[in-house]
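Given next are the chains, with one letter for each unit.
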Amino acid sequence: VWGKTGSKIYGPKAGQDYLDNELRFSLLCRAALEAPRVLNLNCSKYFSGLYGEDVLFIANDWHTALIPCYLKSMYQSRGIYLNAKVAFCIHNIAYQGRFAFSDFPLLNLPDEFRGSFDFIDGHEKPVKGRKINWMKAGILESDRVVTVSPYYAQELVSAVDKGVELDNVLRKTSITGIVNGMDTQEWNPATDKYTDVKYDITTVMDAKPLLKEALQAAVGLPVDRKIPLIGFIGRLEEQKGSDILVAAIHKFIGLDVQIVVLGTGKKKFEQEIEQLEVLYPNKAKGV
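Read on for an overview of the structure. Throughout this document, residue positions are counted from 1 along each chain, in the order its sequence is written. Totals for whole chains, interfaces and linings use all residues, but because this is a predicted model, local features are given only for residues with pLDDT of at least 70 and pairs of side-chain atoms are given and counted only at 80 or more. The basis for the side-chain values is all heavy atoms of the structure; hydrogens and waters are excluded.

**Side note on the overall build of the chain**
Part 1 of the argument: Helix and strand labels come from DSSP, where a helix needs a run of H or I of at least four residues and a strand needs a run of E of at least two; each type is numbered from the N terminus. Within the chain, the regular secondary structure consists of nine helices and 10 strands.
Part 2 of the argument: Along the longest, intermediate and shortest principal axes, the C-alpha atoms of the chain span 65 × 55 × 35 Å.
Part 3 of the argument: A 1.4 Å probe rolled over the protein chains alone gives each residue an accessible area, and that area as a share of the maximum for its type sets the label: buried under 20%, exposed over 50%, partly exposed in between. Looking at the chain as a whole, 37% of its 287 residues are labelled buried.
Part 4 of the argument: Residues are treated as being in contact if the distance between any of their heavy atoms lies within 4.5 Å. Sequence separation of at least 24 residues holds for 64% of the intrachain contacts in the chain that already meet a minimum separation of 6.
Part 5 of the argument: Looking at the chain, you have 35 positive and 35 negative side-chain charges, and the mean spots of the two groups are 1 Å apart. Neither His nor the chain ends contribute to the count of charged residues, in which Lys and Arg are positive and Asp and Glu negative. Where a charge lies is defined by one atom per residue type, namely NZ (Lys), CZ (Arg), CG (Asp) and CD (Glu).

**Quick look at empty space enclosed by the protein**
Part 1 of the argument: Of the grid points, spaced at 1 Å and generated over the protein atoms alone, those admitting a 1.4 Å probe that cannot get out make up cavities, while open sets with protein on both sides within 12 Å along at least five of seven lines make up pockets; any residue with an atom within 4 Å of a point is treated as lining. Grid points are joined across faces, edges and corners, and a volume is the space filled by probe spheres set on the points. Scanning the entire structure with this criterion turns up one cavity of 30 Å³ or more.
Part 2 of the argument: Within this model, the largest cavity holds a volume of roughly 40 Å³.
Part 3 of the argument: In terms of lining residues, the largest cavity is bounded by Ile 249, Ile 259, Val 261, Ile 273, Leu 276, Ala 284, Lys 285 and Gly 286.
Part 4 of the argument: Where the lining of the largest cavity is concerned, the elements lending two or more residues are strand 9 (258–262), helix 9 (267–279) and strand 10 (284–286).
Part 5 of the argument: Per element, the largest residue contribution to the lining of the largest cavity is three residues, and it comes from strand 10.
Part 6 of the argument: The residue classification treats Ala, Val, Leu, Ile, Met, Phe, Trp, Tyr, Cys and Pro as nonpolar and Asp, Glu, Lys and Arg as charged. All others, Gly included, are polar. Here the lining of the largest cavity is composed, by residue class, of six nonpolar, one polar and one charged.

**Focus: the environment of Gln 16**
Part 1 of the argument: For Gln 16, the position within the fold is in the segment before helix 1 (21–38).
Part 2 of the argument: You can call Gln 16 partly exposed: its relative accessible area is 36%.
Part 3 of the argument: The spatial distance from the C-alpha of Gln 16 to the C-alpha of Leu 82 is 38 Å, given a sequence separation of 66 residues.

**What to know about the environment of Val 219**
Part 1 of the argument: With respect to the helices and strands, Val 219 occurs in helix 7 (residues 204–219).
Part 2 of the argument: Distance from Val 219 to Val 287, taken between C-alpha atoms, is 7.8 Å for residues 68 residues apart in sequence.
Part 3 of the argument: Residues in contact with Val 219, not counting those within four places in the same chain, are Val 260, Lys 285 and Val 287.

**Quick look at the sheet that holds strand 7 (residues 176–177)**
Two orientations exist for strands paired in a sheet by backbone hydrogen bonds: parallel and antiparallel.
Part 1 of the argument: At least two DSSP bridges between two strands are needed for those strands to be called paired. Strands sit in the order 1-2-6-7 across an open sheet of four strands; the sheet is parallel. Strands with a single pairing partner mark the edges of an open sheet, and in this sheet they are strand 1 (56–60) and strand 7.
Part 2 of the argument: Relative to strand 2 (residues 85–90), strand 1 runs parallel, the two sharing five bridges. Bridge pairing links Leu 56 to Lys 85 in strand 2.

**A few points about the pattern of salt bridges**
Part 1 of the argument: Salt bridge criterion: a side-chain nitrogen from Lys or Arg within 4 Å of a carboxyl oxygen from Asp or Glu. Tallied over the entire structure, the rule returns 13 salt bridges.
Part 2 of the argument: Its salt-bridge partner being Glu 165, residue Arg 98 comes within 3.0 Å of it at the nearest N-O pair. A residue pair is termed long-range when its members are at least 10 positions apart, and Arg 98 in strand 3 (residues 98–100) and Glu 165 in the loop between helix 5 (150–156) and helix 6 (167–173) qualify at 67 residues.
Part 3 of the argument: A residue is classified by how much of its surface remains accessible, and Arg 98, at 17% relative accessible area, is buried.
Part 4 of the argument: Notably, a salt bridge pairs Asp 167 with Arg 171, separated by 2.7 Å at the nearest N-O pair. Pair noted here: Asp 167 and Arg 171 are both in helix 6, with a separation of four residues, about one helical turn.
Part 5 of the argument: For Arg 171, a relative accessible area of 42% translates into the label partly exposed.

**A short note on the environment of Asp 196**
Part 1 of the argument: Take Asp 196: it is sitting in the loop between strand 7 and helix 7.
Part 2 of the argument: On the basis of relative accessible area, Asp 196 is assigned to the exposed category, the value being 70%.
Part 3 of the argument: The sequence separation of Asp 196 and Ala 214 amounts to 18 residues, and the corresponding C-alpha distance is 8.3 Å.

**Topic: the nonpolar core**
Part 1 of the argument: In this description, a nonpolar core means a group of buried Ala, Val, Leu, Ile, Met, Phe, Trp, Tyr and Cys residues linked to one another through side-chain atoms lying within 4.5 Å. By size, the foremost hydrophobic cluster in this structure holds 43 residues, and its most contacted members are Tyr 81, Ile 90, Leu 107, Leu 109, Phe 117, Trp 134 and Ile 139.
Part 2 of the argument: Mapped onto this core, the elements with two or more residues apiece are helix 1, strand 1, helix 2 (67–75), strand 2, helix 4 (134–141), helix 5 and helix 6.
Part 3 of the argument: Per-element tally for this core: the top contributor is helix 2, with six residues.

Now the structure itself:
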């Protein structure tokens, strides 16, 4: 959410985009295509120098959906990156990069790509009716479309609401689910620099109560390893189950439990969680 400059990346606040997002993310796509050709990457002890042209670009979500379009129109049309491929990865199909249809000329793409962006929906934002849809173009113009799990891949093509109106496009092009991975070296509890008590599979039962007490102390809850501590980390919106979370909290917060919520999102959920802190200061904490 926050960039290195201290500014938010997508918009001034949750649910609001910067007015120049099309320009900002189109420049990101152009930079991604130039980087392998001009940067001395110094990847490892086995390689340094320019990466060259035999590249697989991993384009993530609508923000980088112009990469396959620019690859074809600006590079491969001039004999550059002829062997390069693009895999388009969908993390959250709810965010598609829908903009006014009149904005297409701003993308600096030939008219032959217009059909890949053309999209009609019933919403009035950013304009009513015909729009351009960056994610649709990314799906159609990439060499392969993947997503973050086999189940999510099935879900996206199962219905209009699940695919957020792109289900037909995905059924035509196909999509492959690949389970999200993690860096087991960086996120190794035996060496994790962010935990005060290290542990492995043989010591986890001894370490977890101590880490629980450290969390309770850090957020200002009563320190007691016997009290159940429920945690939620994620965006506060319906797609992440925040509406279910808030409704459930009201039902069991009167019990002897503690709740820690870390996230930002829709104001109504933020306000409801903040209100819980006021009503139950020793039960709930929003971070």
